[in-house]
Amino acid sequence: QVHLVESGGGLVQAGGSLRLSCAASGRTFNSYTMGWFRQAPGLEREFVAAVSWNGGSRDYADSVKGRFTISRDNAKNTVYLQMNSLKPEDTAVYYCAARPGWRSRFSISEYDYWGQGTQVTVSS
């Protein structure tokens, strides 16, 4: 069982930065692939980024490549999403999620545990 709590969301101007954190409880955190997803109003939830259990592999949606960086600190049971050069279209509720294994990391349905989400609003 993994319990996830996101933090770090807020209101920022276009071009600004935010760092999201996702704190996990559970002894098996460091065996899970961790992902970040987002959902804008009226749209489906979409994949943003994922990091493998040891941080050795990372993947990003094309829309955030070069601007967002996912990382994890297994000693702190925390995964991060550094978001730079933010755009109004990045506005959404951001969720972290956990799943065993690297395969199918893009698929929402493959994630077993989800946080409650944190709002990110980027003003133009």
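Residues numbered from 1 in each chain as written. Predicted model: local features only at pLDDT ≥ 70, side-chain atom pairs only at ≥ 80, totals over all residues. Heavy atoms only, no water.

### Thoughts on the packing of aromatic side chains
And step 1. Counted according to the given criterion, the structure contains seven aromatic pairs.
And step 2. Aromatic ring contacts, followed pair by pair, group Phe37, Phe47, Tyr95, Phe106, Tyr111 and Trp114 into a single cluster.
And step 3. Over the ring of Tyr95 we find Arg45; its NZ or CZ atom is 3.7 Å from the centre of that ring. (Phe/Tyr/Trp six-rings, centres within 6.5 Å; stacked < 30°, edge-to-face > 60°. Lys NZ or Arg CZ within 6 Å of the ring centre and 35° of its normal.)

### Side note on the state of the cysteines
Each disulfide consists of one covalent bond between the sulfur atoms belonging to two cysteines.
And step 1. For the structure shown, the criterion picks out one disulfide.
And step 2. Cys22 shares a disulfide with Cys96; S-S distance 1.9 Å. Given an S-S torsion of about 45°, the disulfide between Cys22 and Cys96 has right-handed geometry. Note that Cys22 is positioned in strand S3 (residues 18-25) and Cys96 in strand S9 (residues 92-100), a separation of 74 residues in sequence. This pair shows no difference in class: Cys22 is buried, exactly as Cys96 is. (Disulfide = S-S within 2.5 Å. Helix = DSSP H or I, 4+ residues; strand = E, 2+ residues; numbered from the N terminus. Buried < 20%, exposed > 50% of the residue type's maximum accessible area, 1.4 Å probe, protein only.)

### What to know about the pattern of salt bridges
And step 1. Scanning the entire structure with this criterion turns up six salt bridges.
And step 2. Across the salt bridge formed by Arg38 and Asp90, the nearest N and O atoms sit 2.9 Å from each other. Taken as a pair, Arg38 in strand S4 (residues 32-39) and Asp90 in the loop between strand S8 (78-83) and S9 lie far apart in primary sequence, 52 residues in all.
And step 3. Between Asp59 and Arg105 there is a salt bridge, and its shortest N-O distance comes to 2.7 Å. Taken together, the residues span a long stretch of sequence, with Asp59 in strand S6 (residues 58-60) and Arg105 in the loop between S9 and strand S10 (113-114) at a distance of 46 residues. When sorted by exposure, Asp59 lands in the same class as Arg105, which is buried. (Salt bridge = Lys/Arg side-chain N within 4 Å of Asp/Glu carboxyl O.)

### Focus: the side chain of Thr33
And step 1. You can see Thr33 is positioned in strand S4.
And step 2. Its relative accessible area of 2% is what places Thr33 among the buried residues.
And step 3. There is a polar contact of 2.7 Å between the side chain of Thr33 and the backbone oxygen of Gly101.
And step 4. Among all residues touching Thr33, those that are not within four sequence positions of it are Ala50, Val51, Ser52, Arg72, Ala97, Ala98, Arg99, Gly101, Trp102, Arg105 and Tyr111. (Polar contact = N/O pair within 3.5 Å; in protein donor to acceptor, adjacent residues only side chain to side chain. Contact = heavy atoms within 4.5 Å.)

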